Amino acid sequence: MTRGDEDLVASARQGDRRAFEELVDRHERRAYHIAFDFTRNREDAKDLSQEAFLKAFTNLKNFDGRSSFYTWFYRIIVNLCLDYKRRQKRAPADTFDERVENQVEPSHEPEKTRSPDQDVMARQISRAIGAALETLPARQRTAFVLKNHQGLSIKEIAELMETAEGTVKVHLHRAVTALRERLAEFA
Amino acid sequence: MTEQINTLINACGEMEENLVLFHYGDLRGDERNEVQAHLKNCATCTAYLKHLNTLLPLTRQVDEPPPEFWTHYNRELREKLDSVAEKKSWRQSFVDFFQPRWVPVLAMAAVFTLALTFTFGKGMWSNNDPAKEDVAIMELMPVAENLDFFASMDVLDDLDLLESMGSQGNAA
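Residues numbered from 1 in each chain as written. Chains lettered and ligands numbered in written order. Predicted model: local features only at pLDDT ≥ 70, side-chain atom pairs only at ≥ 80, totals over all residues.

The next point concerns the overall build of chain B. Looking only at helices and strands, chain B features nine helices and one strand. Starting at the N terminus and ending at the C terminus, chain B contains elements arranged as α-α-α-α-β-α-α-α-α-α. Per-residue burial over chain B gives 9% buried out of 172 residues. Look at the contacts in chain B between residues 6 or more apart in sequence, and 58% of them connect residues 24 or more apart. (Helix = DSSP H or I, 4+ residues; strand = E, 2+ residues; numbered from the N terminus. Buried ≥ 20, exposed ≤ 12 C-beta atoms within 10 Å, placed from the backbone. Contact = placed C-beta atoms within 7 Å.)

Here's what the structure looks like:
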């Protein structure tokens, strides 16, 4: 029988290392993908998602169980990603080229219904979307990535962002509007 | 680009936010029914929704690293966890030592030690204290100086005795 996250957290808090490793196995891919959605860089996404696990491991005693482990943990990742973006903005301009070189071209979500034309469009949009997402304010980008890429519900996003559901809806709407304008050529 | 933005289809103002939520399947009940009813009669909002349905899935980009990436990822993460766990155990044992439950114990020990020191250590150091000796001598000095006075007082006592004996003899 599969143990729930809360059960594993309780064991991990008692010092059961295996329980924590099971939590890692369970969440590592999603953690990586969230980090990748923010960084669009494989190496940075790996470092950030690993850092999130280390932070969770260190602070597990502070997890009060008021939210689910998953919400608590993804909040850690999102905060780390936002810090990363802030640091990146402060980084000297000459390192930008290096960052671009390290970026991998992500594949678009495989969809059986996608036509060859759409595939071509997808490749073109791949670069444009990165640039368009970069221009979004942090809160809009967070709401958009968590909804559009990760498929979280508005309620989950609100919990994660520690804000009201109405605020998330506003951020999401503004992000979509901004992206529509910036990606108009692909419409 | 400006022309392209101008050609963007805009939904009815009050519907736009709900159309985004409708696209993501986040509308329930009355709100959902309201949007569906509106879409039946509004070509602009229908076109807007169609645009979202085309554009937004394209923005979903998934990176699927090769299996060796995950092998390396897991090995590296476990090494980092080992390192953190080691640091944590050192820090924990240090913090445990100063846990609140130890504070009363340490306080009690300190009080007990002080009590023992005052009880059994009192006689050990008093004899060796020259200042105390000086005080004792100073207290005795006036007594020594007045020894003659006390001696004369004894003589006076004797005179009183003789006088009283003399008066008894006269009476007899």
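Resuming the write-up.
Across the boundary between the two partners, chain B contributes 29 residues, which contact 40 residues of chain A. Secondary-structure elements contributing two or more residues to the side of chain B that touches chain A are α1 (2-6), α2 (16-23), α4 (43-58), β1 (61-62) and α5 (67-97) of chain B. Considered class by class, the residues forming the side of chain B that touches chain A number 16 nonpolar, four polar and nine charged. (Nonpolar A, V, L, I, M, F, W, Y, C, P; charged D, E, K, R; others polar.)

Residues and elements named next belong to chain A. Assignment of secondary structure puts Ala-45 in helix α3 (residues 42-58). For Ala-45, a count of 25 C-beta atoms within 10 Å translates into the label buried. When the C-alpha positions of Ala-45 and Ile-34 are compared, they lie 8.0 Å apart, and in sequence the two are eleven residues distant. In this view, Ala-45 contacts Tyr-32, Ala-35, Phe-36 and Thr-39; residues no more than four positions away in its chain are not counted.

Now for the confidence of the model for chain A. Low-pLDDT stretches of the model should not have their predicted coordinates read in fine detail. All names here are of chain A. A residue-level look at chain A finds 84% of positions with pLDDT of 70 or above and a mean pLDDT of 84. Averaged pLDDT values for the elements of chain A fall to 46 in helix α5 (residues 96-102) and rise to 95 in α3. Overall, residues 93-101 carries pLDDT values under 50, and its contacts beyond four positions in sequence, including any with other chains, amount to one contact. (pLDDT = per-residue confidence, 0-100.)

Before going further, it helps to spend a moment on the confidence of the model for chain B. Overall, the prediction assigns chain B a mean pLDDT of 79, with 71% of residues at 70 or greater. We note a pTM of 0.67 for the whole complex and an ipTM of 0.79 for its interfaces.

The next point concerns α2 of chain B. Within α2 of chain B the residues assigned to the buried category are Asn-18, Leu-19, Val-20, Phe-22 and His-23 of chain B. Turning to α2 of chain B, the residues buried within the fold contact α9 (165-182) of chain A together with α3 (29-41) and α4 of chain B.

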